[in-house]
Amino acid sequence: MSDELVMRRAREDDLPAIVVMLAQDQIGHADDPGPPLDPAYLEAFRAIDGSPDQLLMVAEFEGRIVGTLQLTFIPGLLMHGAWRGQIEAVRIDSSVRGQGLGSRMIDWAVERCRERGCKLVQLTSNNARTDAHRFYERLGWSKSHAGFKLMLDQGDK
């Protein structure tokens, strides 16, 4: 088999594989990948897929889906109106970790940001994901900001 990593836009029928990879590595969440798959995943997929500034990608290797990431292009006023790329939900199937596939996925995402004219690329990683932090630092990323989140209850809508 080829060692080529193929990045392509996710399709609806890729959702079960994506959710399984997210569930393999969830921090503080109890997502159950199904079956049946929660309809909220399809609703979110359609919102992402319908936006010109969102890419939900899967990585195929040796004929199967082994990775996923979401790339968002964000306009802003900082840095003289610079666009930025936001990489999220980077996951590699646990069965193929350590083969350099994650590095290739990140390289792919950074190149898409360059093509879109972004001035910077950013990502966040949960404080508990220390292995992921070492991975990003090995790729040349630096910890430059502290991140904060405010979780909203469904009743807060």
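Only a predicted model underlies this, so the values are computations on that prediction, with no experimental measurement involved. (Residues numbered from 1 in each chain as written. Predicted model: local features only at pLDDT ≥ 70, side-chain atom pairs only at ≥ 80, totals over all residues. Heavy atoms only, no water.)

## Description of the packing of aromatic side chains
Link 1 in the chain: Enumeration according to the criterion identifies two aromatic pairs in this entry.
Link 2 in the chain: Aromatic side chains Y136 and W141 sit 6.3 Å apart centroid to centroid with 65° between the ring planes, which places their arrangement in the edge-to-face category.
Link 3 in the chain: What makes Y136 buried here is its relative accessible area of 8%.
Link 4 in the chain: Following the ring pairs from residue to residue traces out a cluster consisting of F135, Y136 and W141.
Link 5 in the chain: One Lys or Arg, R116, reaches over the ring of W83 and ends 5.4 Å from the middle of that ring. (Phe/Tyr/Trp six-rings, centres within 6.5 Å; stacked < 30°, edge-to-face > 60°. Buried < 20%, exposed > 50% of the residue type's maximum accessible area, 1.4 Å probe, protein only. Lys NZ or Arg CZ within 6 Å of the ring centre and 35° of its normal.)

## Quick look at the environment of L101
Link 1 in the chain: When you line up the elements, L101 lands in helix α4 (residues 101–115).
Link 2 in the chain: Residue L101 is classed as buried on the basis of its relative accessible area of 1%.
Link 3 in the chain: A sequence separation of 97 residues divides L101 from E4, and the C-alpha atoms of the two residues are 9.6 Å apart.
Link 4 in the chain: In contact with L101, not counting residues within four places along its chain, are L5, F61, V66, I92 and V96. (Helix = DSSP H or I, 4+ residues; strand = E, 2+ residues; numbered from the N terminus. Contact = heavy atoms within 4.5 Å.)

## Digging into the confidence of the model for the protein
Link 1 in the chain: Considering every residue of the protein, the mean pLDDT works out to 90; 90% of them sit at 70 or more.
Link 2 in the chain: Mean pLDDT per element in the protein: helix α5 (residues 130–138) is the minimum at 91, and strand β2 (residues 54–61) is the maximum at 98. (pLDDT = per-residue confidence, 0-100.)

## A few points about the state of the cysteines
Link 1 in the chain: Here the structure, examined in full by the defined rule, presents zero disulfides.
Link 2 in the chain: Just so you know, C118 is unpaired, no disulfide at all, and the nearest cysteine sulfur is the one on C113, 4.5 Å from it.
Link 3 in the chain: Look at C118 and you get buried, because its relative accessible area is 14%. (Disulfide = S-S within 2.5 Å.)

## Points about α5
Helical geometry: 3.6 residues make up each α-helical turn, so side chains three or four residues apart lie on a common side.
Link 1 in the chain: All of the buried residues in α5 are A132, H133, F135 and Y136. Buried residues of α5, seen end-on, are gathered within an arc of 160° and therefore sit on one face of the element. Seen from the open side of α5, the exposed residues pointing more than 90 degrees away from its buried face are D131 and R138.
Link 2 in the chain: Buried residues belonging to α5 abut β4 (84–92), α4 and β5 (120–123). (Arc of directions from axis to C-beta.)

## Focus: the sheet that holds β2
Link 1 in the chain: One open sheet accounts for five strands, arranged β1-β2-β3-β4-β5; its pairing is mixed. In the strand order of this sheet, the two ends are held by β1 (5–9) and β5, each with one partner. Averaged over all adjacent pairs, the angle separating strand axes in this sheet is 30°, with direction ignored.
Link 2 in the chain: Strand direction decides the pairing type here: β4 and β5, joined by four bridges, are parallel. (Pairing = 2+ DSSP bridges. Axes fitted to C-alpha atoms, helices over the stretch in contact; angles between N-to-C directions.)

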